[in-house]
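Structural characterization, general
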Amino acid sequence: PKGTISILGLGAMGSAIADRLRGTGYDTTVWNRTPARTEPHRAAGSNVAATVAEAAAASDIVFVVLLDHASVREHLEPVAAELKGKVVVNLTTTTPNEARDTAAWAAEQGLTYLDGAIMAVPAMIGTPASLLLYSGDENAYAIAKTALETLGTAEFEGADAGLASLKDMALLTAMYAMFGGVLQAVAMMRTVGAPAAQTARDIVAWLGAVVPLAELTVAVVDGGDYDAGAGQSVDFTRAAVASLITAAREQGTGADFLEPLMKHLDERAATGRGNADWVSVIEQLKITA
Ligand code: NDP
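Per an unreviewed UniProt entry, the protein chain goes by the name 3-hydroxyisobutyrate dehydrogenase and belongs to Glycomyces harbinensis. Recorded in UniProt for the protein chain, the comment headed Sequence similarities (unreviewed entry) runs: "Belongs to the HIBADH-related family."

Here is the structure:
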């Protein structure tokens, strides 16, 4: 075997990870809260641990793929002693601050901790389409790197353990906000009987053409000069978005996902920045409480 790896959590994602590691020659030990889920893994050649402590003791690298931050802490805290000297890789989705909190706890316990975020669905694990982000202990990353690369493209974001989660959540934010717009568009076309699947095809073609423009559109943000005049202005964008909102209302669907953007554009214009690049609304995305 290439090395010993334990996997805590055999849900859809933990199972895919265990399958891939076992399939690429690692000596795997699995644990799951509900023992029945370990059976297919035992049949396929994994060792089954009856307790988290047993799983922690069995391997040099311990992957944690549980539901959330609370479940991770519930199961790791009692086995800190067994985890000493191991590399703990937590792939459970958490917020950046939860990741930092677990990293601080691990440091207090003398554990080598790496936090990860998975930009993939279970079926993509082990294929080139899957991207996994890591942050925290760089030494842990170096030790686990070969195993991490069997799961997909591995990217180390930095020593701040929250960085992988932060990038994960930023990318998911872009996705969900965009899909909100997709729903709005499908709703508008449904008012004339267009099947959702057909509108979706049109949207995929359109977004495929315009999404690459995102890089150029926001390039001005880094320099902070919104008056250079290369991009679309606040006033131009206000007129465009106002038409979209009016059209949506005329069709009777409302424009719930666009109204927040309009609010920000209006605020920019109200402060005399109507001629500035519309992406300057980014300066308003701050909590100033
Ligand atoms: P599932 O719902 O399929 O599995 C959840 C797993 O967590 C099961 O093993 C379950 O155990 C376990 N679990 C839940 N609560 C507890 C608890 N209190 N104590 C111990 N074990 C617990 O989820 P996934 O496998 O899909 O997701 C796992 C992690 O991976 C999540 O953080 C998710 O966000 C992340 N992820 C998942 C992706 C996906 O597409 N599925 C994509 C990217 C990240 P039991 O069998 O006993 O219920």
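A few words on the pairing of strand β2 (residues 27-31). Successive side chains on a regular strand alternate, one facing one side of the sheet and the next facing the other. Along β2, four of the five residues are buried, which leaves the element largely enclosed by surrounding structure. In the sheet, strand β1 (residues 4-8) pairs with β2 via five bridges, with the strands oriented parallel. Bridge assignment links S6 to a residue of β2, and that residue is T29. Crossover connection from β1 via helix α1 (residues 12-23) to parallel β2: handedness right-handed. With two bridges connecting them, β2 and strand β3 (residues 47-48) associate as parallel partners. Looking across to β3, one finds that V30 is bridged to V48. Note that the unit made of β2, helix α2 (residues 39-44) and β3 has a crossover that is right-handed.

Taken together, 22 residues are adjacent to the ligand, and G11, R33, T34, L67 and T93 come closest. Counting only elements with at least two residues in the shell around the ligand, the list comes to α1 and α4 (69-76). When its residues are assigned to classes, the shell around the ligand shows nine nonpolar, nine polar and four charged.

About the criteria used
Residues numbered from 1 in each chain as written. Predicted model: local features only at pLDDT ≥ 70, side-chain atom pairs only at ≥ 80, totals over all residues. UniProt positions renumbered as here; feature names shortened; annotations may be inferred. Buried ≥ 20, exposed ≤ 12 C-beta atoms within 10 Å, placed from the backbone. Helix = DSSP H or I, 4+ residues; strand = E, 2+ residues; numbered from the N terminus. Pairing = 2+ DSSP bridges. Right-handed = clockwise from strand over helix to strand, strands pointing away. Near = placed C-beta within 6 Å. Nonpolar A, V, L, I, M, F, W, Y, C, P; charged D, E, K, R; others polar.

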